[in-house]
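If you want the building blocks of each chain, they are given just below.
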Amino acid sequence: MSTFFPESELVINGDGSIFHLHLKPEQLADKIILVGDPGRVNLVASHFDSKECETSNREFHSITGQYKGKRITALSTGIGCDNIDIVMNELDALANIDFKTRTEKPEHRALTLVRVGTCGGLQPNTPTGTYVASVKSIGFDGLLNFYAGRDEASDLQLESAFKKHVDWNPKMGNPYVASADPTLIDRIAGDDMVRGITIACGGFFGPQGRRLRLPLMDPNLNEKIESFEYEGMHVNNFEMESSALAGLSTLMGHHAMTCCMVIANRRAQKMETDYKGDIDGLITRVLERI
């Protein structure tokens, strides 16, 4: 017998849309491009040949349309893995729960999700302007630790090697390692994106080693992260969503990955704030390859 999802768990608005995203099941495409900035949804959709529908609620802005014969939903998530928890659970509900009966659909619908974002580069080969694809994401956010199947969905060997290398302080919570969909990585990253490990942080300042007035728990953590190597991969960048996206997608049976444009290089202590035009190049690549 199928599980029944009560109103307190599956929250549906009066118009039949899901609580936060304000999307209805029929408005969701199988191919989804995720962006952090609600304003960037319009940039993605500016390339569409036609637009089918548009919704907006808080930081969640979506446009579904057609791009060269492909039906695509562009959706903003806002910042952070906590928002990805909302987005992924509600997208999965839209795809795999019957809103009329509040039960799981008999056939699973797998979504393809590509996050297009910005990040901070950590290696000499990731200067500003570089496109980076996250093959593995180390989550400092702790989100996946709240879900059953966390270990089965994680790369436990990489997790152990990383904690040993950086002498991880358990007071900062337990990191997990999520993997992007390998077939999707090959298709989207092509030969013009640097592949490797990404750290998904639970904040912009302390978790990424930025110090303003507050001292850090481990002032040397960034240096240890930069020197970490695992099976030929280095930690290329910091961002704030990739681990939750990859981890939850693995648990839910979806195909997901993150690719970002480097707008800051922490080693060089350089930051590019006027990047909005440049990221359109990454968006067009993803639209062509998704």
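Residues numbered from 1 in each chain as written. Predicted model: local features only at pLDDT ≥ 70, side-chain atom pairs only at ≥ 80, totals over all residues. Heavy atoms only, no water.

## Quick notes on the overall build of the chain
Logical step 1: Check the secondary structure of the chain and you find 7 helices and 14 strands.
Logical step 2: Relative to a compact globule of 290 residues, whose C-alpha radius of gyration would be 19 Å, the chain shows 19 Å and is just as compact.
Logical step 3: Taken along its principal axes, the extent of the C-alpha atoms in the chain is 55 × 40 × 40 Å.
Logical step 4: Expressed as a percentage of the 290 residues in the chain, the buried residues total 53%.
Logical step 5: Residue pairs at least 24 apart in sequence account for 76% of intrachain contacts in the chain once pairs closer than 6 positions are excluded.
Logical step 6: Element-wise, carbon and sulfur atoms account for 50% of the exposed surface of the chain, whose accessible area totals about 13,300 Å².
Logical step 7: One way to put it: in the chain the 30 positive side-chain charges average out to a point 4 Å from where the 39 negative ones average out. (Helix = DSSP H or I, 4+ residues; strand = E, 2+ residues; numbered from the N terminus. Rg over C-alpha atoms; globule rule 2.2 N^0.38 Å. Buried < 20%, exposed > 50% of the residue type's maximum accessible area, 1.4 Å probe, protein only. Contact = heavy atoms within 4.5 Å. Areas by Shrake-Rupley, 256 points an atom, 1.4 Å probe, with all protein chains shown as cover. Lys, Arg positive; Asp, Glu negative; His and termini not counted. Charge placed at Lys NZ, Arg CZ, Asp CG, Glu CD.)

## Examining the packing of aromatic side chains
Logical step 1: Under the defined criterion, the tally for this structure stands at 5 aromatic pairs.
Logical step 2: Taking the centre distance of 6.1 Å and the plane angle of 40 degrees together, the rings of Phe140 and Phe162 count as tilted. Residue Phe140 is found in the loop between β8 (131–139) and α3 (156–166), and its partner Phe162 is found in helix α3; the two are separated by 22 residues along the sequence.
Logical step 3: Geometrically, the ring pair formed by Phe162 and Phe228 is edge-to-face, given 5.4 Å between the ring centres and 85 degrees between the ring planes. Placement of Phe162 in helix α3 and of Phe228 in the loop between α5 (221–226) and β11 (229–230) is noted, with a sequence separation of 66 residues between them. In this pair, the class of Phe162 matches that of Phe228, namely buried.
Logical step 4: Grouped by ring-pair contacts, the aromatic residues Phe140, Phe162, Trp168 and Phe228 constitute a single cluster.
Logical step 5: Its end group placed over the ring of Phe204, Arg210 keeps NZ or CZ at 3.8 Å from the ring centre. (Phe/Tyr/Trp six-rings, centres within 6.5 Å; stacked < 30°, edge-to-face > 60°. Lys NZ or Arg CZ within 6 Å of the ring centre and 35° of its normal.)

## Looking at the packing of helix α1 (residues 38–45) against helix α7 (residues 279–289)
The angle between the axes and the distance between the axes are what describe a pair of packed helices.
Logical step 1: At a minimum axis separation of 10 Å, α1 and α7 run at an interaxial angle of 55 degrees. One element, α1, and the other, α7, form an angle in the oblique class. The handedness of the crossing between α1 and α7 comes out as right-handed. Every residue of α7 that contacts α1 at Arg40, Leu43 and Val44 is listed here: Ile279, Asp280, Ile283 and Leu287.
Logical step 2: Of the residues that constitute the contact of α1 with α7, the class distribution is 5 nonpolar, no polar and 2 charged. (Axes fitted to C-alpha atoms, helices over the stretch in contact; angles between N-to-C directions. Parallel < 35°, antiparallel > 145°, perpendicular 65-115°, else oblique. Left-handed = near helix turned anticlockwise from the far one by under 90°. Nonpolar A, V, L, I, M, F, W, Y, C, P; charged D, E, K, R; others polar.)

## Topic: the pairing of strand β10 (residues 194–200)
Logical step 1: Burial analysis of β10 places 5 of its 7 residues in the buried class, the great majority of the element.
Logical step 2: As judged from the 7 bridges shared by β8 and β10, these two strands associate in the parallel manner. Across the sheet, Gly139 pairs through a bridge with Ala200, a residue of β10.
Logical step 3: With 4 bridges joining them, β10 and strand β12 (residues 233–239) adopt parallel strand pairing. Directly across from Thr198, in β12, lies its bridge partner Asn237. (Pairing = 2+ DSSP bridges.)

## Topic: the side chain of Thr198
Logical step 1: If you trace the backbone, Thr198 turns up in strand β10.
Logical step 2: Within polar-contact distance, the side chain of Thr198 engages the side chain of Ser134 at 2.6 Å.
Logical step 3: In this structure the side chain of Thr198 is engaged in a polar contact, spanning 2.6 Å, whose partner is the side chain of Asn237. (Polar contact = N/O pair within 3.5 Å; in protein donor to acceptor, adjacent residues only side chain to side chain.)

## As for α1
Logical step 1: When we look at burial in α1, the residues that qualify are Arg40, Val41, Val44 and Ala45. Viewed end-on, α1 has its buried residues packed into an arc of 145 degrees, placing them on one side of the element.
Logical step 2: In the core, the buried residues of α1 are packed alongside β1 (31–35), β2 (50–57), β3 (60–67), β4 (70–76), β7 (112–121) and α7.
Logical step 3: For α1, the side-chain oxygen to backbone nitrogen distance between the N-cap and Gly39 is 2.9 Å, and the N-cap itself is Asp37. (Arc of directions from axis to C-beta.)

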